[in-house]
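# Summary of structural features
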Number of protein chains: 2
Amino acid sequence: MYDCSELHFIPMTDVIHQLVNGQTSKDLNIQDRGLSYGHGVFETLKISAGQAVLWREHLDRLVTSCQRLKISTDHLQTDLESDLLKLPVQEQAVLKIIITAGVGGRGYQVPEKATPTRIVQIFPYPVYSDQPEQLGIKARWCQIQLSSAPLLAGMKHLNRLEQVLARSEWSDASIKEGIVCGCDGFLAEGTMSNLFLIKNGVLKTPILHSYGVEGIMRNYLLDLAKANAIPVEVTQLTKADLLSADEVFFCNSLIEIWPLRQLEEHCFEIGPITRKLQSLLKAESL
Amino acid sequence: MYDCSELHFIPMTDVIHQLVNGQTSKDLNIQDRGLSYGHGVFETLKISAGQAVLWREHLDRLVTSCQRLKISTDHLQTDLESDLLKLPVQEQAVLKIIITAGVGGRGYQVPEKATPTRIVQIFPYPVYSDQPEQLGIKARWCQIQLSSAPLLAGMKHLNRLEQVLARSEWSDASIKEGIVCGCDGFLAEGTMSNLFLIKNGVLKTPILHSYGVEGIMRNYLLDLAKANAIPVEVTQLTKADLLSADEVFFCNSLIEIWPLRQLEEHCFEIGPITRKLQSLLKAESL
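Residues numbered from 1 in each chain as written. Chains lettered and ligands numbered in written order. Predicted model: local features only at pLDDT ≥ 70, side-chain atom pairs only at ≥ 80, totals over all residues. Heavy atoms only, no water.

## Observations concerning the packing of helix 6 (residues 216–227) of chain B against helix 8 (residues 272–283) of chain B
All names here are of chain B. What counts here: The axes are straight lines fitted to the C-alpha atoms, using for helices just the contacting stretch, and the angles between their N-to-C directions are given from 0 to 180°. Helical segments are the DSSP runs of H or I of at least four residues, strand segments are the runs of E of at least two, and each set is numbered from the N terminus. The scheme is simple: roughly parallel for angles under 35 degrees, roughly antiparallel for over 145, roughly perpendicular for 65 to 115, oblique for anything else. In what follows, a contact means two residues having at least one pair of non-hydrogen atoms within 4.5 Å. Here the nonpolar group is Ala, Val, Leu, Ile, Met, Phe, Trp, Tyr, Cys and Pro; Asp, Glu, Lys and Arg are the charged ones; every other residue, Gly included, is treated as polar.
Two elements in contact, helix 6 and helix 8, have axes separated by 11 Å at closest approach and are oriented at 100°. Classed by the angle they form, the pair helix 6 and helix 8 counts as roughly perpendicular. Contacts from Met217, Tyr220, Leu221, Leu224 and Ala225 in helix 6 reach Leu277, Leu280 and Leu281 in helix 8. Classifying every residue of the contact of helix 6 with helix 8 by side-chain character gives 8 nonpolar, no polar and no charged.

## As for the environment of A:Leu54
All names here are of chain A. Condition: Buried means the residue's accessible area, taken with a 1.4 Å probe over protein chains only, is under 20% of the maximum for its type, while exposed means over 50%, and partly exposed covers the values in between.
Topologically, Leu54 is positioned in the loop between strand 5 (51–52) and helix 2 (55–68). By relative accessible area, Leu54 is classed as buried at 12%. Separated by 155 residues in the primary sequence, Leu54 and His209 have C-alpha atoms spaced 23 Å apart. Not counting chain neighbours up to four residues away, the residues in contact with Leu54 comprise Ile216, Met217, Tyr220 and Leu286.

## Let's talk about the interface of chain A and chain B
For an interface, size is often stated in terms of accessible area lost upon the parts coming together. Rules: Take the accessible area each of two parts loses on contact, using a 1.4 Å probe, and add the two losses: that sum is the buried area. A pair is scored as a salt bridge if a Lys or Arg side-chain nitrogen falls within 4 Å of a carboxyl oxygen belonging to Asp or Glu. Counted as a polar contact is a pair of N or O atoms within 3.5 Å, where, for protein atoms, one must be capable of donating a hydrogen and the other of accepting one, and residues adjacent in sequence contribute only when both atoms are in side chains. In this analysis, strands are considered paired if DSSP registers two or more bridges between them.
Taken together, the contact between chain A and chain B spans 57 residues of the former and 57 residues of the latter. Of the roughly 4800 Å² buried between chain A and chain B on both sides combined, carbon and sulfur atoms contribute 65%. On inspection of chain A and its partner chain B, the count reaches 0 salt bridges. Viewed at the interface, chain B and chain A are joined by 16 residue pairs in polar contact (both at pLDDT 80 or more). Those elements that provide at least two residues to the side of chain A that touches chain B are strand 1 (17–20), strand 3 (27–29), helix 1 (33–37), strand 4 (40–48), strand 6 (92–100), strand 7 (117–124) and helix 5 (161–167) of chain A. In terms of residue count, the dominant contributor to the side of chain A that touches chain B is helix 5 of chain A (6 residues). Counted by class, the side of chain A that touches chain B contains 26 nonpolar, 21 polar and 10 charged residues. Pairing analysis gives 3 bridges linking strand 3 of chain A to strand 3 (residues 27–29) of chain B, with the strands arranged antiparallel. Within strand 3 of chain B, the position partnered with A:Leu28 by the bridge is B:Leu28.

## A closer look at the relation of the copies chain A and chain B
How we decide: To line up the copies, we fit them by least squares on C-alpha atoms, keeping just the residues with pLDDT of at least 70 in both.
Taken as rigid bodies, chain A and chain B are interconverted by a rotation of 180° and an axial shift of 0.0 Å, the fit giving an RMSD of 0.0 Å. Both chain copies can therefore be described as sitting about a two-fold axis. Both copies contact each other with a shared surface, as 100% of the interface residues of chain A are interface residues in chain B too.

## Description of the sheet that holds strand 6 (residues 92–100) of chain B
Picture the strands of a sheet paired through backbone hydrogen bonds; they go either parallel or antiparallel. All names here are of chain B. Sheet architecture is open: 6 strands sit in the order 2-1-7-6-4-5, paired in antiparallel fashion. Here the strands that pair on one side only, and so sit at the sheet edges, are strand 2 (23–24) and strand 5 (51–52). Direction of pairing for strand 4 (residues 40–48) relative to strand 5: antiparallel, over a ladder of 2 bridges. Bridge pairing in strand 5 links Ser48 to Gln51. Sheet strands in contact with helix 2 (residues 55–68) are strand 4, strand 5 and strand 6, and its direction is about 175° off that of strand 4.

## A few points about the domain arrangement of chain A
All names here are of chain A. Put simply, the rule reads: The start and end points of each domain follow an automatic or database-based domain assignment.
On domain assignment, one finds that chain A holds domain 1 (17–124) and domain 2 (132–283). The straight-line distance from the C-alpha centre of domain 1 to that of domain 2 is 26 Å. Taken together, the contacts link 20 residues of domain 1 with 19 residues of domain 2. For the pair domain 1 and domain 2, the summed buried area comes to about 1600 Å², and 67% of that belongs to carbon and sulfur atoms. If you sort the residues of domain 1 by the area they bury against domain 2, Phe42, Arg61 and Arg68 come out on top, with a joint share of 38%. Our count for the contact surface shared by domain 1 and domain 2 stands at 1 salt bridge. Ionic pairing is found between Lys46 and Glu256, a salt bridge with its closest N-O pair at 2.9 Å. If you list the elements that add at least two residues to the side of domain 1 that touches domain 2, you get helix 1, strand 4, helix 2 and strand 6. Looking at which element gives the most residues to the side of domain 1 that touches domain 2, the answer is strand 4, with 7 residues. Across the side of domain 1 that touches domain 2, the residue classes break down as 8 nonpolar, 7 polar and 5 charged.

## Considering the sheet that holds strand 5 of chain A
All names here are of chain A. Spatial strand order, 2-1-7-6-4-5: 6 strands in an open sheet with antiparallel pairing. For this open sheet the edge positions go to strand 2 (23–24) and strand 5, each flanked by a neighbour on one side alone. With 4 bridges connecting them, strand 1 and strand 7 associate as antiparallel partners. Of the residues in strand 7, the one forming a bridge with Leu19 is Val120. On top of the sheet, helix 3 (residues 76–86) reaches strand 1, strand 6 and strand 7; it is set at about 35° to strand 7, its chief contact.

## A closer look at helix 6 (residues 216–227) of chain A
Three or four residues apart is the spacing at which side chains of an α-helix point the same way, because the helix has 3.6 residues per turn. Residue and element names in this part refer to chain A. Applicable threshold: To estimate how far a helix should extend, the number of its residues minus one is multiplied by 1.5 Å.
Taking 1.5 Å per residue, 12 residues should reach 16 Å; helix 6 reaches 17 Å between its end C-alpha atoms and fits that length. Here helix 6 has its buried residues at Ile216, Met217, Arg218, Tyr220, Leu221, Leu222, Leu224 and Ala225. Looking one or two residues past helix 6, Ala229 carries a phi angle of roughly 60°, positive in sign.

Written as structure tokens, this is what we have:
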């Protein structure tokens, strides 16, 4: 059996730079609706060779999500691009952007003229001593089931208690990810990633109309697969589908692709389509 | 038909005093998990004659909710009581308390030694020019349905996007509250209040095991009714139950009891049990 017990993850906590509404700051007004209600959205991007990777795609999701949550997007793109120019250039780093509905006093009602709060943070790029992209990872099932909330599904909003509770189900550092199902019992995603499986040459990932985050890397990989003649299916998938899959992997904008090697007692091979997608991503210089 | 169109609500936005971890401040660290994930809880209390009303009950819910969300409660009661002594005494005011999981870097995992953030705010007591407690209010049905999330149900946590979206369904200032159902179609609550109805002398309120907030005033009224020989039922209730009810009211710790007078085209009388509970509350000097 594949043993990941010696693998270690080096957490990143030391922020390099932070801007709040374009000014260097570490502070948020405690009356901000981002805190009061989680009324906001965020994006986490990879900075590579000084560039924000898949910037256009992240920006598009940010704008669409703000609109769904009644947060003004006036000047959002120009303000964010101006923020990025103020930051020290990084060869490789993590860029986190948070947009909230702004200061809004007490009460759920969205104020008519609220000014959104714009937070931009740069963190060091995480170093994984255990080569998860090459050697694959160990994962487990989470007990918690994601609630069905179609009006919130797909977005990377600030209401993330279900993910916090899912991630709190284990502390064994050798387990890198947990797999979460929806309240209907179908596969949803990882706690911090999207989930793909491959069966008989077809790349499959759960449909996320009721819960889950439609990851930028998930959608990018779906397009990349189609462009390279790998058939794809976005559909309802069961635990049994996963256990009988030929290959399984997790993805997000930072980790890109982490193959699954062991899920509790069940072992997986890292197969040719996973490796092909990894090399296609590398060729795209993401 | 009862016309509430001339009624006005005077919103309160001017905070009187704010403490963050016992110090006068208006700022939160932007790396706080309360912002990143909504990883925290809050309480809203009435200050009356210089006292926090139902303090013990609010504190108990705060402690229980923190424990459910893996937030340390060490010294919480003594720290909060010490905070309250630092605040200017108010004859009547609103006290809001937020407890978050504290600063925790990136990543859902709860840090082993996170120090919670404690926010205490005093707002002016709201003035309602239209005597909603006496004359009753106009309400409407909300379209949004609350998702079923048993691990989060009952708590007043910081993941409140569903309430924000519910409240954004109307802007007519004469409508004071919206009634929200759960995803199973049963009645849940108001956007900012709990919901009670009375049928044939029995006081009924929705069971909140899958969604909703178990309000302190809701539980207090259930006890008050029982102590005064009014039979109570906490059960699944339908829209039809509400429409055929003899009396309906909303409650929370600030508004106490607001009778429902008009729900879209449907009118209600303000009945004897609603009035009895209001006078019992007044006799308790809450």
